[in-house]
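Examining the three-dimensional arrangement
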2 protein chains.
Amino acid sequence: MSSPGEHWISYTNDLLAGSGLRKSAARTHVIELLGAQHCALSAQEIEHHLGTDGHRVGRASIYRTLEMLVARGLIKRIDMGRAEASFEATMPDGHHHHHMVCSQCGNVAAFDDPQLEAAIDAVAERLSATVNDHDVLLRGICGTCAAS
Amino acid sequence: MSSPGEHWISYTNDLLAGSGLRKSAARTHVIELLGAQHCALSAQEIEHHLGTDGHRVGRASIYRTLEMLVARGLIKRIDMGRAEASFEATMPDGHHHHHMVCSQCGNVAAFDDPQLEAAIDAVAERLSATVNDHDVLLRGICGTCAAS
DNA sequence: GAGTCTAATGAGAATGAGTCCCATTAGCTG
DNA sequence: CAGCTAATGGGACTCATTCTCATTAGACTC
């Protein structure tokens, strides 16, 4: 049995293999790290994780890999109102979630909601434009912070 | 008859007058510029506009004013996936809109949709957290770009 | 396996938005 | 008007991200 993350890794590798890209260690490490995550990581966090895992990868290569993956729709760039952007694997079937950030502790929780997606699709339909992506971000106080 | 923007300006000034802040030229200019806008402006754009209007205001003061207005909920910081953040007056009655950014020309269109708001409220209800703000951002190709 | 071609890497410089510092200016109050 | 201090603004600084370029290392040929 393979986790969704492992599935994404092999999907991504297959897709890249068939597009004239060389298979480099740096790229492989970034992809494997992203695939192992259950939520978004920033470039900094990626650099740090790879460093402590003994797979140090240059910052430039990390950004280059992220850019390449975003361009191919394999990951999504997410802006959570912090200084740095975060990145998260996108499931090939289009399944995705959104985020709620606690303005007190900064913690991020993921959620998904079919009704919300339907409402967004309906808006997209109405506009004189082709909508091909959307972000939703909720901000507030998480349960833990509210309790303390 | 006063435009919604003028209404926001006087509302904002009244609110600030009653909170121990001195009335400074720099702050007044930023507030009046924001009130005159129909959509979001970035700090850079504010600096540039004020400069060409002959009301040059130091960058530090612009950021300070924006921070102060955000803290009081008088404007909202909006991240459109560009390098810089944008800022937009918030209507006292809570009425607001969201944005659609064209990934080709960068143009921004505003829209609002009660159903979408309802869907977000419903999600917020479900979560074990107090949601007090949200962003929605659509990305795609605008009508103009699609036509050309 | 060696040679060649060039994609990819990574160290560090450069960029640019946003923040900080601090000497100076200018609202306010008495 | 004098004094107090909030507020300003020039410019130094921070920090994420991008760029540059000399070096490294996949992949293909022989």
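Residues numbered from 1 in each chain as written. Chains lettered and ligands numbered in written order. Predicted model: local features only at pLDDT ≥ 70, side-chain atom pairs only at ≥ 80, totals over all residues. Heavy atoms only, no water.

Some remarks on the overall build of chain A
Within chain A one finds six helices and six strands. Put simply, chain A runs from its N terminus to its C terminus through helices and strands in the order α-α-β-α-α-β-β-β-β-α-β-α. With respect to the three principal axes, the spread of C-alpha positions in chain A is 45 × 40 × 35 Å. For chain A, restricting intrachain contacts to residue pairs at least 6 apart in sequence, the fraction spanning at least 24 positions comes to 52%. For chain A, the distance from the average position of its 12 positive side-chain charges to the average position of its 18 negative side-chain charges is 10 Å. (Helix = DSSP H or I, 4+ residues; strand = E, 2+ residues; numbered from the N terminus. Contact = heavy atoms within 4.5 Å. Lys, Arg positive; Asp, Glu negative; His and termini not counted. Charge placed at Lys NZ, Arg CZ, Asp CG, Glu CD.)

Focus: the interface of chain A and chain B
Taken together, the contact between chain A and chain B spans 30 residues of the former and 30 residues of the latter. Between chain A and chain B, the buried area comes to about 2,400 Å², and carbon and sulfur atoms account for 55% of it. Considering only the surface of chain A that becomes buried against chain B, A:D135, A:L138 and A:R139 emerge as the three largest contributors, covering 21% of it. Linking chain A with chain B are six salt bridges. (Buried area = accessible area lost by both parts, 1.4 Å probe. Salt bridge = Lys/Arg side-chain N within 4 Å of Asp/Glu carboxyl O.)

A closer look at the protein's contact with DNA strand D
Lining the immediate surroundings of DNA strand D are 21 residues, of which A:R22, A:Y63, A:A85, B:S24 and B:R64 lie closest. Of everything in DNA strand D that lies within 4 Å of the protein, sugar and phosphate atoms constitute 65%. Interatomic distance of 2.8 Å between a side-chain N/O atom of A:R22 and a base nitrogen of DNA strand D. Residue A:Q44 places a side-chain N or O atom 3.2 Å away from a sugar or linking oxygen belonging to DNA strand D. Contributing elements (two or more residues each) for the surface near DNA strand D: helix 3 (43-52) and helix 4 (59-71) of chain A together with helix 2 (25-35) and helix 4 (59-71) of chain B. (Near = heavy atom within 4 Å. Polar contact = N/O pair within 3.5 Å; in protein donor to acceptor, adjacent residues only side chain to side chain.)

Digging into the protein's contact with DNA strand C
Lining the immediate environment of DNA strand C, one finds 19 residues, of which A:S24, A:G58, A:R64, B:R22 and B:Y63 sit closest. Protein-proximal atoms of DNA strand C, defined as those within 4 Å of the protein, fall in sugar or phosphate at a share of 67%. A distance of 3.2 Å separates a sugar or linking oxygen of DNA strand C from a polar side-chain atom of B:Q44. Per element, the largest residue contribution to the surface near DNA strand C is three residues, and it comes from helix 4 of chain A. Grouping the constituent residues of the surface near DNA strand C by class yields eight nonpolar, four polar and seven charged. (Nonpolar A, V, L, I, M, F, W, Y, C, P; charged D, E, K, R; others polar.)

Here we look at the side chain of A:R27
Residue and element names in this part refer to chain A. You can see R27 is positioned in helix 2 (residues 25-35). Despite being buried, R27 has no salt bridge partner; E67 is the closest side chain of opposite charge, sitting 10 Å away. Every residue in contact with R27, bar those within four places of it in the chain, is listed here: L21, R22, T65 and M68. (Buried < 20%, exposed > 50% of the residue type's maximum accessible area, 1.4 Å probe, protein only.)

Re the sheet that holds strand 6 (residues 129-142) of chain B
Each strand in a sheet pairs with its neighbour through backbone hydrogen bonds, running either in the same direction (parallel) or in the opposite one (antiparallel). What the six strands build is an open sheet, ordered 5(A)-4(A)-6(A)-6(B)-4(B)-5(B); its pairing is mixed. Two strands bound the open sheet, and with one partner strand each, they are strand 5 (108-111) of chain A together with strand 5 (108-111) of chain B. Pairs of neighbouring strands in the sheet enclose a mean axial angle of 25 degrees, with direction left out of account. One ladder, built from four bridges, connects strand 4 (residues 98-102) of chain B with strand 5 of chain B; its direction is antiparallel. (Pairing = 2+ DSSP bridges. Axes fitted to C-alpha atoms, helices over the stretch in contact; angles between N-to-C directions.)

Quick word on the sheet that holds strand 1 (residues 41-42) of chain A
The strand order across the open sheet formed by three strands is 1-3-2 (chain A), and the pairing between neighbours is antiparallel. Looking at the sheet topology across the chains shown, the edges are occupied by strand 1 and strand 2 (75-78) of chain A.

Focus on the packing of helix 2 of chain A against helix 4 of chain A
Residues and elements named next belong to chain A. Axis separation between helix 2 and helix 4 bottoms out at 10 Å; the angle between their running directions is 65 degrees. The interaxial crossing formed by helix 2 with helix 4 has right-handed handedness. In this structure, helix 2 contributes A26, R27, V30, I31 and L34 to the contact, and helix 4 contributes S61, I62, T65, L66, M68 and L69. Grouping the amino acids of the contact of helix 2 with helix 4 by side-chain chemistry returns eight nonpolar, two polar and one charged. (Left-handed = near helix turned anticlockwise from the far one by under 90°.)

Interpretation note: all reported values are geometric properties and have no functional meaning in isolation.
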